[in-house]
Number of protein chains: 2
Amino acid sequence: MKAVVTVMLKEGVLDPQGKAIGHALGVLGFTGVGEVRVGKRIELDLAETDPEAARKSAEDMGRSLLANLVIESFQVEIV
Amino acid sequence: MKAVVTVMLKEGVLDPQGKAIGHALGVLGFTGVGEVRVGKRIELDLAETDPEAARKSAEDMGRSLLANLVIESFQVEIV
């Protein structure tokens, strides 16, 4: 079973990487680009075969390692 | 219009960040974790209102800045 954990900075937290990308896109001539936010996509191959157990396990991993919950939030998707 | 560009390392390219996460999950006691792959999720606010034009624009951005096509591939989603 494959789980995808998406980790994004929380609303209101400064995203310097996103700002840098937005600036670089402007330099390259792309217009009409507003806010840019950058996050992580973590794909996990899990031996677990029950979707609900896999989701719970991936959420535990998110809370304990993958996301810094002070500044980041995460979502789990089972695919 | 919001575009989401997902950038992942191509199959077969070593992903040290993924390996580190897989190892750390094992140390934390998570079992049954196979391969871990880490990529980027880039959310772009675009002024463009036509979905097809927004997709084309985001694909241009992916090719010219967001992904290193030698080792990475990317996908665009309009949301």
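Residues numbered from 1 in each chain as written. Chains lettered and ligands numbered in written order. Predicted model: local features only at pLDDT ≥ 70, side-chain atom pairs only at ≥ 80, totals over all residues. Heavy atoms only, no water.

Draft legend 1. Quick peek at the overall build of chain A. Of regular secondary structure, chain A possesses 2 helices and 3 strands. From first element to last, N terminus to C terminus, chain A shows the α and β order β-α-β-α-β. Relative to a compact globule of 79 residues, whose C-alpha radius of gyration would be 12 Å, chain A shows 16 Å and is clearly more extended. Viewed in the frame of its principal axes, chain A has a C-alpha envelope of about 45 × 25 × 15 Å. Within the span of chain A, comprising 79 residues, buried residues form 37% of the whole. Residue pairs at least 24 apart in sequence account for 73% of intrachain contacts in chain A once pairs closer than 6 positions are excluded. Counting only carbon and sulfur atoms, one obtains 54% of the accessible surface of chain A, whose full area is about 4,300 Å². On chain A, the mean spot of the 9 positive side-chain charges and the mean spot of the 12 negative ones are 5 Å from each other. (Helix = DSSP H or I, 4+ residues; strand = E, 2+ residues; numbered from the N terminus. Rg over C-alpha atoms; globule rule 2.2 N^0.38 Å. Buried < 20%, exposed > 50% of the residue type's maximum accessible area, 1.4 Å probe, protein only. Contact = heavy atoms within 4.5 Å. Areas by Shrake-Rupley, 256 points an atom, 1.4 Å probe, with all protein chains shown as cover. Lys, Arg positive; Asp, Glu negative; His and termini not counted. Charge placed at Lys NZ, Arg CZ, Asp CG, Glu CD.)

Draft legend 2. Fine view of the relation of the copies chain A and chain B. Least-squares fitting of chain A to chain B yields an RMSD of 0.0 Å, with the transformation described by 0.0 Å of translation along the axis and a rotation of 180°. Here the symmetry operator amounts to a two-fold rotation axis. Looking at the rotation axis and the C-alpha trace of chain A, the residue lying nearest is A:K40, at 2.3 Å. The residues that chain A uses at the interface reappear at the interface of chain B in 100% of cases, marking a shared surface. (Least-squares fit on C-alpha atoms with pLDDT ≥ 70 in both.)

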